[in-house]
Amino acid sequence: SAAYFVNAERARLLETATAIGKFRFEVIATNCGRSPARLTYAFVTGDFVNHGHELSSVPDYKDLSDQPELDFARNDWVLPGGKVVLGEEDPSSIIDGDLRARFESSKTTMWIYGVFRYEDTISGDEYESRFCYHASYWAGRENPLLYGGGPAAYRGETKYKSKNSA
């Protein structure tokens, strides 16, 4: 059927987060689909949380300056197999000595999370992907380990806007 063909051929952007320093992280999306995608929006942020506490159950996709959503609009084309940097998080300039020590001793953890939207060029539908990574520092390692996690509201892909809807 046509729906099966569109789903098989559509663009699919999948993100990965990488530690590129003790306190610097980069989130990249790779088009694992068979058609080009147009990135329309991307937001990446980080938050330190003390052990025993959790992230809020609903993500807050605002940075400290409360910039309007339009400031995170994008217009990047990503070909099949291509990559695009969604954002970097580098809180090293705002980390004081106490927070640094708490992170390095695993008393505080850092979460890297965000959201991006992209248009599938086959169907014209726009998808939203949310992601969340837990950064853990282990003594003896140069960079923290990153792995997916966090509340369910921080993760997953949904159809954001259908071309065929009003």
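Reference entry: report on the structure contained in this document. Only a predicted model underlies this, so the values are computations on that prediction, with no experimental measurement involved.

### Topic: the nonpolar core
Right, so step 1: Judged by nonpolar contacts, the single largest core of 26 residues is most densely connected at L13, L86 and F116.
Right, so step 2: Mapped onto this core, the elements with two or more residues apiece are strand 1 (13-19), strand 2 (25-31), strand 3 (37-50), strand 5 (83-89), strand 6 (108-120) and strand 7 (126-136).
Right, so step 3: With residues up to four places along the chain from it excluded, the contact list for F116 reads L13, E15, L39, Y41, A42, L86, Y127, E128, S129 and F131.

### Quick look at the packing of aromatic side chains
Right, so step 1: Within the structure shown, the criterion is met by seven aromatic pairs.
Right, so step 2: A ring pair is formed by Y113 and Y154, whose centres lie 5.2 Å apart and whose planes are at 80°; its orientation type is edge-to-face. Here the residue Y113 occupies a position in strand 6, and Y154 occupies one in the loop between strand 8 (145-148) and strand 9 (156-161), the gap between them amounting to 41 residues. A single burial state applies to Y113 and to Y154, both of which are buried.
Right, so step 3: Here Y118 and Y127 contribute two aromatic rings whose centre-to-centre distance is 5.8 Å and whose plane-to-plane angle is 25°, an arrangement assigned as stacked.
Right, so step 4: Aromatic ring contacts, followed pair by pair, group F116, Y118, Y127, F131 and Y133 into a single cluster.

### Re the sheet that holds strand 2
Right, so step 1: Strand order in this open sheet of three strands is 1-2-5, and the pairing throughout is antiparallel. At either end of the open sheet lies a strand with only one pairing partner, and these are strand 1 and strand 5. On average, each strand axis in the sheet is tilted by 25° relative to the strand beside it, whichever way the strands run.
Right, so step 2: Here six bridges tie strand 2 to strand 5, and the two strands are oriented antiparallel to one another. Pairing of E26 across the sheet is with E88, part of strand 5.

### Topic: the pattern of salt bridges
Right, so step 1: For the structure shown, the criterion picks out eight salt bridges.
Right, so step 2: Between R130 and E128 there is a salt bridge, with its nearest N and O atoms 3.1 Å apart.
Right, so step 3: Exposure remark for E128: the relative accessible area of 9% places this residue in the buried category.

### Quick notes on the pairing of strand 6
Right, so step 1: Burial analysis of strand 6 places twelve of its 13 residues in the buried class, which makes it a mostly covered element.
Right, so step 2: With 13 bridges connecting them, strand 3 and strand 6 associate as antiparallel partners. Its bridge partner lying in strand 6, A42 is registered against F116.
Right, so step 3: Where strand 6 and strand 7 come together, ten bridges link them in antiparallel fashion. Note that in strand 7 the partner of G114 across the bridge is F131.
Right, so step 4: Once strand 6 ends, the chain turns through five residues before running back antiparallel as strand 7, passing G124 with a positive phi of about 85°.

Thresholds, definitions, all that
- Residues numbered from 1 in each chain as written.
- Predicted model: local features only at pLDDT ≥ 70, side-chain atom pairs only at ≥ 80, totals over all residues.
- Heavy atoms only, no water.
- Core = buried A, V, L, I, M, F, W, Y, C linked by side-chain atoms within 4.5 Å.
- Buried < 20%, exposed > 50% of the residue type's maximum accessible area, 1.4 Å probe, protein only.
- Helix = DSSP H or I, 4+ residues; strand = E, 2+ residues; numbered from the N terminus.
- Contact = heavy atoms within 4.5 Å.
- Phe/Tyr/Trp six-rings, centres within 6.5 Å; stacked < 30°, edge-to-face > 60°.
- Pairing = 2+ DSSP bridges.
- Axes fitted to C-alpha atoms, helices over the stretch in contact; angles between N-to-C directions.
- Salt bridge = Lys/Arg side-chain N within 4 Å of Asp/Glu carboxyl O.

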